[in-house]
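Per-entry structural report
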Protein chains: 2
Amino acid sequence: MGKKAVTSPQGDASTVRDVAARAGVSASTVSRVLGGTYPVAKATRAKVLKAMRELDYVVNAHARALGGSTNNTVAFVVDDVTGSFYAHIARGVEEQASAEGRLCMLCTTHNDPQRVLAVVETMREQRADAVIVVGGAWDDRAYQDRMTHFAHALDRAGSRLVLVGRPPLGPGVPATVIDYDNEGGAFAMTTHLLSAGHRRVAYLGRVPGLSTSSQRISGFTRAHEMLDIEPDPKLIIDGTFSRGSGYQGMHELLASGTEFSAVFAGTDMVAAGALQALREAGVRVPEDVALAGYDDIPTAIDVYPTLTTVHVPAEELGRAAVRLALHRDEFPESQHHVLGTHIVVRDSTRRHGR
Amino acid sequence: MGKKAVTSPQGDASTVRDVAARAGVSASTVSRVLGGTYPVAKATRAKVLKAMRELDYVVNAHARALGGSTNNTVAFVVDDVTGSFYAHIARGVEEQASAEGRLCMLCTTHNDPQRVLAVVETMREQRADAVIVVGGAWDDRAYQDRMTHFAHALDRAGSRLVLVGRPPLGPGVPATVIDYDNEGGAFAMTTHLLSAGHRRVAYLGRVPGLSTSSQRISGFTRAHEMLDIEPDPKLIIDGTFSRGSGYQGMHELLASGTEFSAVFAGTDMVAAGALQALREAGVRVPEDVALAGYDDIPTAIDVYPTLTTVHVPAEELGRAAVRLALHRDEFPESQHHVLGTHIVVRDSTRRHGR
DNA sequence: ATGAAAGCGCTAACAC
DNA sequence: GTGTTAGCGCTTTCAT
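Residues numbered from 1 in each chain as written. Chains lettered and ligands numbered in written order. Predicted model: local features only at pLDDT ≥ 70, side-chain atom pairs only at ≥ 80, totals over all residues. Heavy atoms only, no water.

Considering the pattern of salt bridges
Under the convention used in this document: What counts as a salt bridge is simple: a side-chain nitrogen of Lys or Arg found within 4 Å of a carboxyl oxygen of Asp or Glu. Where helices and strands are cited, they refer to DSSP runs of H or I of at least four residues and of E of at least two residues respectively, numbered from the N terminus. Throughout this description, buried means an accessible area under 20% of the type-specific maximum (1.4 Å probe, protein chains only), exposed means over 50%, and partly exposed covers the range between.
Applying the stated criterion to the full structure yields 42 salt bridges over all chains. Here R243(A) and D302(B) are joined by a salt bridge, their closest N and O atoms 2.7 Å apart. On the criterion of chain membership, the pair formed by R243(A) in helix α10 (residues 243-256) and D302(B) in the loop between β9 (290-292) and β10 (309-311) is interchain, its members lying in two chains. Accessibility expressed as a relative area gives 16% for R243(A), which makes it buried. D302(B) sits in the buried class, given a relative accessible area of 4%. For E315(B), the salt bridge identified is with R319(B), shortest N-O distance 3.1 Å. Taken together, the residues span about one helical turn, with E315(B) and R319(B) both in helix α12 (residues 314-326) at a distance of four residues. Three or more residues joined by partner-sharing salt bridges are found here, namely D80(A), R91(B), E95(B), E315(B), E316(B), R319(B) and R323(B).

This is the structure we're talking about:
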């Protein structure tokens, strides 16, 4: 085969200079019509535009980002886009970023703290305007320290670290935290269950060391305390935030013979797994046991019976994250924002006949 | 408030030169240890590394992309990450991109052809190594022409347009197409329904002008023809690929009084909506009517009864898209790839008592 | 209103 | 091995 001269990897994309030559003007003039922010004679502008069209010219975003101010990019770091909850946050992030003229980089970390760190570093290289990290906050001290370090580094570079659904890194750390009322949602749901007469409510899917989980447990506990009910430790089942874990945990709970009349699942996916286990065991929901979830993902209305759950404003969480990061000078004193949650009652907790 | 000197937007991020100065070497040497691809004296390397650490240095990806070959970015353009099907493709794309050392840009287009065009243009500015577009292909001629134009432009720039789940743009157009056997899946499912004895099968959710939909209809029709059954046009219901459309379409079909014993929904989400409508109408699935979907999203096992559907290898689709785009020289003659589909039989089509 | 020139941060030739 | 030099494509003073 005939060897071609080694072509540059960018191929033969045309540059401002090419356009300038064709239009018979200087590169600066081309740049000026590109920017649009500077006076250019009508005729000249037309010539330049024509040349651009003919050459099928597009600016090189990197060259622009290099010299210039910002690269107009927002980074979104998440465990896994496949989960509905995160997908909705992602949608919010993407939409708001797009509305603010920013592009959105997506990075997934597969539940690996190491990867979170690596990815945030990469985003620093990319000079992203904001780095939005959502989900999984570990109680690991070394990890927290590294995140704190990144917060400072990004801040120094004029960028911003945003933590979504995670606890703050500490006072004085330049990071924006946007959270939702995790504890309050769990409290409300537990109260809902308790005040329906349930006295033995199981909590299915506690994830040790995960802040989100701890907060939910804490709302669960507070509701019991308020009504002077002693929660049975045997009714708190460890697991993960997955369907499989819910299925297995429910199976084991049933097999253990421990008594209970309601189950509060750590997430809707956990609830979906639990529902399957209950069905297989011939336990009717809600007649025999009531079931509730957390997150209010779309699947909550597709399961049978439809699932009572805690609604979390996922999309708004994402939207707010980029809004706060990009306009942090407009929200000076508030570094920690909390959005509300509320319970949505559906069939899985409705008493038969009512 | 005290005015600060206008700081550069990048803040005071340190550069190779800063590192060089601190380590007492030249910028090129720093660059060499950065690249790691060139011999540097052990002691020098150590000094440089130390300086980098002390300065908390990170390379500027844009400067690198500008001079250099590639910017190591893959763009993923999709209607909406919120749908499970697309989310799984996204996961495949992200994972493969990450495995190949690429970053992933996410852009959503909200079912707007104009936005697809705009977004692809932006990706051209970003000099992405590959631009992966998934979903919604419109029969609009002008739109196709523009996409063809982009394919050429990207190709000229050393990049690549990849179409996932869409028909090819035409022979000679430098684009990679990765598709799945849409028609075959629909054919297999329809055959499954027909051979179970159903003679009046409704197709719920045809989307006029959408290639994916046309292909499914065509498999549906071919199955009927093969068994010498005349499909009733009244049983083909137009709509969109959404839950709401499935719900409404099913309602109307029921209200129309048209007879049928099985429903093949355009997607699993359409099936979920249909299921709700059937339940509200007191129609039992599968006893009174059988129901099937398409895509095999996770929700298919959470609905009740569990949903018979066509499995599409979504994640692999995403992975393959990246692989093919990045190594297109290794797959010279194959521009059009088709992954297989197969039906997954669950409870929604099982005859009672069998 | 337009052109010339400098420089953003980095890499790659080319010396030494 | 390491330093010097010259750009990558664009924006932005500073002249004119």
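Notes on the interface of chain A and chain B
Note the threshold: Contacts are assigned to residue pairs with any non-hydrogen atoms lying within 4.5 Å of each other. The term buried area denotes the loss of accessible surface (1.4 Å probe radius) that occurs when two parts are joined, taken as the sum for both partners. In protein, a polar contact requires one atom able to donate a hydrogen and another able to accept it; more generally it is a pair of N or O atoms within 3.5 Å, and residues adjacent in sequence count only if both atoms are side-chain atoms. What makes two strands pair is DSSP finding at least two bridges between them.
Listed as interface residues are 56 residues of chain A and, on the opposing side, 56 residues of chain B. Taking both partners together, chain A and chain B bury about 5,400 Å²; carbon and sulfur atoms supply 52% of that area. Of all residues in chain A, H62(A), R127(A) and D302(A) give up the largest surface area on contact with chain B, accounting jointly for 14% of the area buried on that side. The interface formed by chain A and chain B contains eight salt bridges. Among the salt bridges present, the one from R124(B) reaches D56(A), with a minimum N-O distance of 2.8 Å. Joining chain A to chain B, the criterion identifies 26 residue pairs in polar contact (both at pLDDT 80 or more). When residues of the side of chain A that touches chain B are traced back to their parent elements, those giving at least two are α4 (61-67), α5 (84-99), β2 (103-108), α6 (113-125), α7 (141-156) and α11 (268-280) of chain A. Broken down by element, the side of chain A that touches chain B gets its largest block of residues, seven residues, from α5(A). Of the strand pairs in this sheet, β2(A) and strand β2 (residues 103-108) of chain B are connected by three bridges, and their pairing is antiparallel. Paired with C104(A) across the strands is L106(B), a residue of β2(B).

Notes on the packing of helix α1 (residues 16-23) of chain B against helix α2 (residues 27-35) of chain B
All names here are of chain B. Here is the rule: The axes are straight lines fitted to the C-alpha atoms, using for helices just the contacting stretch, and the angles between their N-to-C directions are given from 0 to 180°. Any angle that falls under 35 degrees is termed roughly parallel, while one over 145 is termed roughly antiparallel, one within 65 to 115 roughly perpendicular, and all others oblique. Basically, the charged four are Asp, Glu, Lys and Arg, the nonpolar ten are Ala, Val, Leu, Ile, Met, Phe, Trp, Tyr, Cys and Pro, and anything else, Gly included, counts as polar.
Orientation of α1 relative to α2, taken along the N-to-C sense of each, is 105°, at an axis distance of 8 Å. Regarding the angle of α1 to α2, the classification is roughly perpendicular. Here V16, R17, V19 and A20 of α1 come into contact with α2, specifically with A27, V30 and L34. Residues that form the contact of α1 with α2 fall into these classes: six nonpolar, no polar and one charged.

Structural notes on the protein's contact with DNA strand D
In plain terms, the rule: Proximity is defined per residue: any heavy atom of the residue falling within 4 Å of a molecule or strand makes that residue near it.
Of all residues adjacent to DNA strand D, which total 24 residues, the nearest are V16(A), Y57(A), S28(B), T29(B) and T44(B). The share of sugar and phosphate among atoms of DNA strand D within 4 Å of the protein is 59%. Between DNA strand D and V16(A), the relevant distance is 2.4 Å, taken from a phosphate oxygen to a main-chain nitrogen or oxygen of the residue. Within the residue set of the surface near DNA strand D, elements represented by two or more residues are α1 (16-23), α2 (27-35) and α4 of chain A together with α2 and α4 (61-67) of chain B. Ranked by residues supplied to the surface near DNA strand D, first place goes to α2(A) with four residues. Of the residues assigned to the surface near DNA strand D, the class counts are 11 nonpolar, nine polar and four charged.

Let's talk about the UniProt feature "domain: HTH lacI-type" (unreviewed entry) in chain A
Here is the rule: UniProt positions are given in the numbering used here, feature names are shortened, and annotations may be inferred rather than shown by experiment.
The residues that UniProt annotates with the feature "domain: HTH lacI-type" (unreviewed entry) are residues 14-68 of chain A. Across residues 14-68 of chain A, the secondary structure splits into 69% helix and 0% strand, with the terminal C-alpha atoms separated by 20 Å.

A short note on the pairing of strand β5 (residues 175-180) of chain B
All names here are of chain B. The element β5 is largely enclosed, with a buried count of six among its six residues. Side chains of β5 alternate between two faces, with A175, V177 and D179 and T176, I178 and Y180 buried alike. Relative to β5, strand β4 (residues 161-164) is paired through four bridges, and the arrangement is parallel. Within β5, the position partnered with V162 by the bridge is T176. Taken together, the four bridges between β5 and strand β11 (residues 336-339) define a ladder with parallel strand orientation. In the sheet register, V177 faces β11, and the bridge partner there is H336.

As for the side chain of T109(B)
All names here are of chain B. Within the fold, T109 resides in the loop between β2 and α6 (113-125). In this structure the side chain of T109 is engaged in a polar contact, spanning 3.0 Å, whose partner is the side chain of D79. Beyond its immediate stretch of four places on either side in the chain, T109 contacts V77, V78, D79, R115, V116 and V119.

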